[in-house]
Amino acid sequence: MLKIAIQKSGRLNEDSIKLLKECGIELNNGNKQLKATAFNFPLEVYFLRDDDIPQYVCDGVADIGIVGENVLLEKDKSIDLVYRLGFGKCRLSIAVPKGVEYNSIEDLKGLKIATTYSTILQKYLAEKNINAEIHEISGSVEIAPGIGLADAICDLVSSGSTLFTNNLKEVEVILKSEAVLVADKKITAEKQAILDKLLLRINAVKSAKNKKYILLNAPNNQLKNISALLPGTKSPTIVPLAEEGWSSVQSVVNENDFWEVIEKLKQFEAEGIIVLPIEKIIG
């Protein structure tokens, strides 16, 4: 079996399980235990602390893992980043108290910065030629300036609400992070074959995200304009209708462009537009 490590609890847990389910993989129990087995795919799941996943994969205890890119870079283990999964997006940023004047990164010189990401922060400051004191702590980093423990913090930011609550403002973004799939560099050929099958499923699921399937009827004299607007995965499918001078057009559109596309389709005399969700796209 291919062994995968995912977060036992936290922001990546639910999305990781959801991804496996979207890939058609059903587990025989939840994450209340440390291990679960898929009954319809050769996969065994370990539920671990986020910080421990890179080490487990590096040691070969798990073959692959889903972890935040921020953790991957902080732990700096010899493992491969295989796939960017697109969920769990956040940023690692430096923040200072709102009342502190901040003009540029030069203002960090000589300050004490509290963080749980000392490796990433040290590298960033060195690249910027900034000499600051790094105070490594675990948990509740955002309260450090308020209790006099530090002048600034370096921590993960998602919505920014935690910074606001603690009277802090974000001044430097060090890293943009998301969930990534990582793998042991020494994975066997047999397990690589299973991983390739899993990657096929993941890619199919991720390719379908934010995509809509469109069916419509259009006059033949507008097909050139509509084809240019709706390239689909390669090109739209066009089928002549029984009514002379008209055709049925089928294509795929990005949801971010959806309403703009619909407006232009109406300008090109499209009728009977039907929009359907897409579960998977297999190239």
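The structure presented is a predicted model; accordingly, all values stated were derived computationally and were not measured.

**Q** Explain the overall build of the protein chain here, please?
**A** Along its length, the protein chain carries 8 helices and 15 strands. Relative to the globule expectation of 19 Å for 283 residues, the C-alpha radius of gyration of the protein chain, 25 Å, shows a markedly less compact shape. The burial tally for the protein chain puts 44% of its 283 residues in the buried class. If you take every contact in the protein chain between residues at least 6 apart in sequence, the share linking residues at least 24 apart comes to 69%. The distance from the centre of the 34 positive side-chain charges to the centre of the 38 negative ones in the protein chain is 3 Å.

**Q** Looking at this model, I keep getting lost on helix H1 (residues 13-22). Mind explaining?
**A** Side chains of residues three or four places apart in an α-helix project in the same direction, reflecting 3.6 residues per turn. By the burial criterion, the buried members of H1 are Asn 13, Ser 16, Leu 19 and Leu 20. Along the axis of H1, the buried residues cluster in a sector spanning 130°; they form a single face. In this structure, H1 carries Glu 14 and Lys 21 as exposed residues pointing more than 90 degrees from its buried face. Buried residues belonging to H1 abut strand S1 (2-7), strand S3 (43-48), strand S4 (64-68) and helix H6 (189-208). Note on H1: the residue one or two positions beyond its end, Gly 24, has a positive phi of about 80°.

**Q** Sorry if this is basic, but what is going on with H6 here?
**A** For H6, spanning 20 residues, the distance from its first C-alpha to its last is 29 Å, which sits close to the expected 28 Å at 1.5 Å a residue. When H6 is considered as a whole, its buried residues turn out to be Lys 191, Ile 194, Leu 195, Leu 198, Leu 199, Ile 202, Ala 204, Val 205 and Ala 208. Its buried side turned inward, H6 meets S1, H1, S4, strand S5 (79-84), strand S11 (179-184) and strand S12 (211-219). Positive backbone phi, at 65°, marks Asn 210, one or two positions downstream of H6.

**Q** I would appreciate a short explanation of the pairing of S3 in the present structure.
**A** A large share of S3 lies buried, amounting to 6 of its 6 residues. By the alternation rule, side chains of S3 split into Leu 43, Val 45 and Phe 47 and Glu 44, Tyr 46 and Leu 48, which are all buried. Of the pairings in the sheet, the one linking S1 to S3 comprises 6 bridges and is parallel in character. Counterpart to Leu 2 in the pairing with S3 is Leu 43. With 3 bridges connecting them, strand S2 (residues 35-37) and S3 associate as antiparallel partners.

**Q** Where do I start with the sheet that holds strand S6 (residues 90-97) in this structure?
**A** Each strand in a sheet pairs with its neighbour through backbone hydrogen bonds, running either in the same direction (parallel) or in the opposite one (antiparallel). Taken in spatial order, the 5 strands make up an open sheet running S8-S7-S9-S6-S10, and their pairing is mixed. Two strands lie at the open edges of the sheet, namely strand S8 (133-136) and strand S10 (168-177), each paired on one side alone. Strand after strand, the sheet turns through a mean of 30° between neighbouring axes, direction not considered. On top of the sheet, helix H4 (residues 118-127) reaches S6, strand S7 (112-115), S8, strand S9 (152-157) and S10; it is set at about 95° to S10, its chief contact.

Reading guide: rules and limits
Residues numbered from 1 in each chain as written. Predicted model: local features only at pLDDT ≥ 70, side-chain atom pairs only at ≥ 80, totals over all residues. Heavy atoms only, no water. Helix = DSSP H or I, 4+ residues; strand = E, 2+ residues; numbered from the N terminus. Rg over C-alpha atoms; globule rule 2.2 N^0.38 Å. Buried < 20%, exposed > 50% of the residue type's maximum accessible area, 1.4 Å probe, protein only. Contact = heavy atoms within 4.5 Å. Lys, Arg positive; Asp, Glu negative; His and termini not counted. Charge placed at Lys NZ, Arg CZ, Asp CG, Glu CD. Arc of directions from axis to C-beta. Expected span 1.5 Å × (residues − 1). Pairing = 2+ DSSP bridges. Axes fitted to C-alpha atoms, helices over the stretch in contact; angles between N-to-C directions.

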